[in-house]
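A look at the structure
Given next are the chains, with one letter for each unit.
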Amino acid sequence: MKDVFAFAWHYWTKQPKLFAVTIAVLTVATIIETNMPNALSGFFEAIRLRKEASTVWWHLAAFLATYFGYLLTYNFVWRLYNLFENNNFNAVYNDAFTHIETLSEQYFVNTFTGSMITTIKRGRDRLETFEDQVLVNLYPTILTVFCTIVFLGMRMPVLAALLAVYVVVMLLLSALLVMKYAGPAQEAYANAQDEFGAHLADSIGGIITTKSYAQERLEIARFMEQSAELRKHNLKAYWRANTTSLIQRCFLGGMLTMLLGGGTWLFLNGQATIDDMAYLVLAHTILQSYIRNVGDHVKNLMTSSYDLHAIIALMEEQPSVKDKPNAKELHVSQGEVCFHDVSFTYPSKTTPVFANLSIKIRPGERLALVGDSGGGKSTFVRLVQRLYEVSDGFITIDGVRISEITQESLRSSVAVVPQDPILFHRSIRENIAYGRQNANFDEICKAAQQANIHDFILSLPTGYDTLVGERGIKLSGGERQRIAIARAILSDRKILILDEATSSLDSISELAVQKAIRTVTHGRTSIMIAHRLSTIKDADRILVFHNGKIVEEGTHNDLITRNDGIYASFFEIQSGGFLQPVD
Ligand code: ADP
């Protein structure tokens, strides 16, 4: 709970003036409201003492003025509060998104995208609930109880003391009832709803499989089981909420009985007047309107605090790769990449992927990485981008250790074409210009031409303004990869990392992609995870990876002639199938 308060406090004190003014005006509004029974009592007193008509009217006017004064001040509070809380929500969204952008790849590998989105959205919503409970529900409730006890104490001190004890006991019991009795049932219902939703999504998502295996009956039966479970939890939650509400209202009835009974006793004993009785009735009405929902406020406070832990944890997450305090900017002139005795183990693993790996990639060299799955090719290129820190040894670019330079300058020097490029749901033009935001349209078209995708783009009804759908879903794999190649060409970086698409390209797309690869790698230090013979044959050097080791190294012609070589056997097996020559 302490961390949740600290989290909320951080945002509240980001706008100290607005926070202070909101609380001050809220305090004034609450005091005005708790003073209304006094104003009503004054009016009754004027009648009881049969004062002059003008005095009676004046008291009535004073009571009504208090009433309208309260209404207007309270409305003003809400306007201030809405501004205050909206600024907070905005700050939470902005901080969370900015923070996520600073985190390293390792975090995203281990965290579901959906859960991150839920954490941020829920974080904002729960902060709203938390703020509402603390600032505009519980704080005015406590203040109202306090002011009422003080005002009542001035009239009937014994009754005020009794009220103080009664209210404290009632609030404690009420909170206990909600937390221990109604709350758990409500929580079980919420969990059942989540489960029901997940089951529904799973079942509808797999409906094609259900149909093809004729399992509709099974799915319907399972669905009915789930909905029966939901009904059971729903009923229990409603039942307990009703019982709790009944007990709470009985408490409030007890408070009314105590105040009116006590007042009547004092009245009959000549220690209270009819205007004191009027005070009691209105004071009770106001008091009960606050106290009635205290149990729910406490429950909401607890659940929102619980849910806020996820966003607090997200904000506390530190990037696993950090820039050194005096990290310099990298300026690549040649594009030489060297691994010096590099060892690397993934943080979640114990066996190293690489042990003492040394390799020099010459400026402008086209290097193909081949080998079986799990050999370490992707890890190799991740280390070049410093998506992970090496465990031992170091990597240099043009002789500068990449651990000594800023990640931003490193990644701005490397163009990456992933195997399955993810495009943004923005226009093709924006997607191509992503690595060089200031590129003009002619430059974008030229890059697209070189990537062999220009004609395709022009054939679309809205050309370069076409939106590509979420993650680029409206385009085929080959088209996406050529757009990613155009992006790499346009960004014009000295070092290129290219993960070739393994499959799903028809031969025409494949030819187009191959031509694009040839263009983009020209004059750049290129590290290509290669799956196709044409790419491999074009390479200046091939590294064959096996279990994190470079087991063979050379040109295609060198390697193919090695007896019992992995590459030679790999080529022999695959040249008839997957590795098809294109020229
Ligand atoms: P390749 O690209 O040659 O298929 P990888 O570099 O992806 O090989 O994998 C090398 C080894 O590292 C494999 O054993 C794989 O399971 C492991 N690995 C890959 N990525 C991760 C990761 N993010 N976390 C932990 N282990 C990983």
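Residues numbered from 1 in each chain as written. Predicted model: local features only at pLDDT ≥ 70, side-chain atom pairs only at ≥ 80, totals over all residues. Heavy atoms only, no water.

This brings us to the overall build of the protein chain. When its secondary structure is counted, the protein chain shows 20 helices and 10 strands. What you see for the protein chain is a C-alpha radius of gyration of 36 Å, clearly larger than the 25 Å of a compact globule of 583 residues, by over 25%. Along the first, second and third principal axes, the C-alpha atoms of the protein chain reach 120 × 60 × 50 Å. For the protein chain, restricting intrachain contacts to residue pairs at least 6 apart in sequence, the fraction spanning at least 24 positions comes to 78%. Carbon and sulfur atoms make up 58% of the accessible area of the protein chain, which totals about 30300 Å². Averaged over its 54 positive side-chain charges, the protein chain has a centre that lies 3 Å from the centre of its 58 negative ones. (Helix = DSSP H or I, 4+ residues; strand = E, 2+ residues; numbered from the N terminus. Rg over C-alpha atoms; globule rule 2.2 N^0.38 Å. Contact = heavy atoms within 4.5 Å. Areas by Shrake-Rupley, 256 points an atom, 1.4 Å probe, with all protein chains shown as cover. Lys, Arg positive; Asp, Glu negative; His and termini not counted. Charge placed at Lys NZ, Arg CZ, Asp CG, Glu CD.)

Judged by pairing direction, the sheet is mixed, and its six strands sit side by side in the order β6-β7-β8-β3-β9-β10 without closing on themselves. Here the strands that pair on one side only, and so sit at the sheet edges, are β6 (414-417) and β10 (549-554). Strand-to-strand, the axes of this sheet are offset by a mean angle of 20 degrees, without reference to chain direction. Strand direction decides the pairing type here: strand β3 (residues 366-371) and strand β8 (residues 525-529), joined by four bridges, are parallel. When the sheet's bridge partners are listed, Arg-366 is paired in β8 with Ser-526. Each of β3, β7 (495-499), β8 and β9 (541-546) touches helix α11 (residues 377-384); the most contacted strand, β8, lies at about 150 degrees to it. Sheet contacts for helix α16 (residues 477-491): β6 and β7; angle to β6, the most-contacted strand, approximately 170 degrees. (Pairing = 2+ DSSP bridges. Axes fitted to C-alpha atoms, helices over the stretch in contact; angles between N-to-C directions.)

Strand order in the open sheet formed by four strands is β2-β1-β4-β5, with antiparallel pairing between adjacent strands. Two strands bound the open sheet, and with one partner strand each, they are β2 (354-361) and β5 (400-401). Taken together, the two bridges between strand β4 (residues 392-397) and β5 define a ladder with antiparallel strand orientation. Residue pairing across strands places Thr-396 opposite Arg-401, the latter belonging to β5. Across the sheet, α11 is in contact with β1 (337-344), β2 and β4; its angle to β1 comes to roughly 115 degrees.

Time to look at the nonpolar core. Looking at soluble globular proteins, one finds that nonpolar side chains tend to be buried together. Counting residues in hydrophobic clusters, the biggest one holds 42 residues, and the most contacted among them are Ile-428, Ile-432, Tyr-464, Ile-485, Ile-542 and Tyr-567. If one sorts the elements of this core by residue count, α16 sits on top with seven residues. With residues up to four places along the chain from it excluded, the contact list for Ile-432 reads Ile-444, Ala-448, Ile-457, Tyr-464, Ile-483, Ala-486, Arg-487 and Leu-490. Val-4, Phe-7, Val-136 and Leu-314 belong to the second largest nonpolar core, which has 34 residues in total. (Core = buried A, V, L, I, M, F, W, Y, C linked by side-chain atoms within 4.5 Å. Buried < 20%, exposed > 50% of the residue type's maximum accessible area, 1.4 Å probe, protein only.)

Take the site of the ligand next. Around the ligand sit 15 residues, and of these Lys-349, Gly-374, Lys-377, Ser-378 and Thr-379 come closest. Within the backbone of Gly-374, a nitrogen or oxygen atom sits 2.7 Å from an oxygen atom of the ligand. Between the ligand and Gly-376 there is a distance of 3.0 Å, counted from an oxygen atom to a backbone nitrogen or oxygen. Taking 560 Å² as the accessible area of the ligand by itself, protein coverage stands at 71%. Per element, the largest residue contribution to the shell around the ligand is four residues, and it comes from α11. Taken together, the residues that form the shell around the ligand break down as four nonpolar, seven polar and four charged. (Near = heavy atom within 4 Å. Polar contact = N/O pair within 3.5 Å; in protein donor to acceptor, adjacent residues only side chain to side chain. Nonpolar A, V, L, I, M, F, W, Y, C, P; charged D, E, K, R; others polar.)

On to the domain arrangement of the protein chain, then. Per the domain assignment, the segments making up the protein chain are domain 1 (2-316) and domain 2 (414-492). For domain 1 and domain 2, the distance between their C-alpha centres works out to 51 Å. (Domains from an automatic or database assignment.)

As for its placement among the helices and strands, Arg-366 is situated in strand β3. One buried charge, Arg-366, has no salt-bridge partner; the nearest side chain with opposite charge is Asp-540, at 4.9 Å. If we skip the residues at most four places from it in the chain, Arg-366 touches Arg-518, Thr-521, Ser-526, Met-528, Asp-538, Ala-539, Asp-540 and Arg-541. (Salt bridge = Lys/Arg side-chain N within 4 Å of Asp/Glu carboxyl O.)

This part is about the pairing of β8. Along β8, five of the five residues are buried, which leaves the element largely enclosed by surrounding structure. Burial along β8 is two-sided: Thr-525, Ile-527 and Ile-529 and Ser-526 and Met-528, pointing in opposite directions, are all buried.

Applying the stated criterion across every chain yields a total of 20 salt bridges. The residue Asp-538 makes a salt bridge to Arg-518 at a minimum N-O spacing of 2.5 Å. With Asp-538 in helix α18 (residues 533-538) and Arg-518 in helix α17 (residues 507-521), this pair connects stretches of sequence that are 20 residues apart. Here Asp-538 falls in the partly exposed class, since its relative accessible area comes to 27%. A salt bridge links Arg-541 to Glu-553; the shortest N-O distance between them is 2.6 Å. Of this pair, Arg-541 sits in strand β9 while Glu-553 is found in strand β10, placing the two residues 12 residues apart along the sequence. Linked by salt bridges that have partners in common, Arg-362, Glu-365, Arg-541 and Glu-553 make up one network.

Right, let's talk about the packing of aromatic side chains for a bit. Counted by the stated rule, this structure contains 23 aromatic pairs. An aromatic cluster is defined as three or more aromatic residues linked by ring pairs; in this entry it consists of Phe-5, Trp-9, Trp-12, Phe-19, Trp-78, Tyr-81, Phe-84 and Phe-130. A cation sits over an aromatic face here: Arg-401 above Phe-394, 3.6 Å from the ring centre. A cation over an aromatic ring shows up here: Arg-426 above the ring of Phe-424, its NZ or CZ 4.2 Å from the ring centre. (Phe/Tyr/Trp six-rings, centres within 6.5 Å; stacked < 30°, edge-to-face > 60°. Lys NZ or Arg CZ within 6 Å of the ring centre and 35° of its normal.)

Glancing now at the packing of helix α2 (residues 16-48) against helix α5 (residues 113-155). At a minimum axis distance of 10 Å, the contact between α2 and α5 shows a crossing angle of 35 degrees. Crossing geometry of α2 relative to α5 is assigned as right-handed. Between α2 and α5, the contacting residues are Phe-19, Ile-23, Leu-26, Thr-27, Thr-30, Ile-31, Thr-34, Asn-35, Asn-38 and Ser-41 on the first element and Leu-135, Val-136, Tyr-139, Pro-140, Leu-143, Thr-144, Cys-147, Thr-148, Phe-151 and Arg-155 on the second. Taken together, the residues of the contact of α2 with α5 sort by class into 11 nonpolar, eight polar and one charged. (Left-handed = near helix turned anticlockwise from the far one by under 90°.)

Among the surface-exposed residues, Leu-64, Tyr-67, Phe-68, Leu-71 and Leu-72 lie close enough to one another that they form a single nonpolar patch of about 480 Å² accessible area. Residue placement: Leu-71 occurs in helix α3 (residues 53-102). (Patch = residues over 30% accessible without salt bridge, like charges linked within 9 Å, V, L, I, M, F, W, Y side chains within 5 Å.)

Attention now moves to the packing of helix α1 (residues 2-12) against α3. Relative to each other, α1 and α3 sit at 110 degrees, their axes nearing to 9 Å. The angle between α1 and α3 falls in the class roughly perpendicular. Crossing geometry of α1 relative to α3 is assigned as right-handed. Contacts between α1 and α3 involve Phe-7, His-10, Tyr-11 and Trp-12 from the first element and Phe-84, Asn-88, Ala-91, Val-92 and Asp-95 from the second. (Parallel < 35°, antiparallel > 145°, perpendicular 65-115°, else oblique.)

This brings us to unusual backbone geometry. For Asp-398, which is not glycine, the phi dihedral falls at a positive 50 degrees. Looking at the element boundaries, Asp-398 is found in the loop between β4 and β5.

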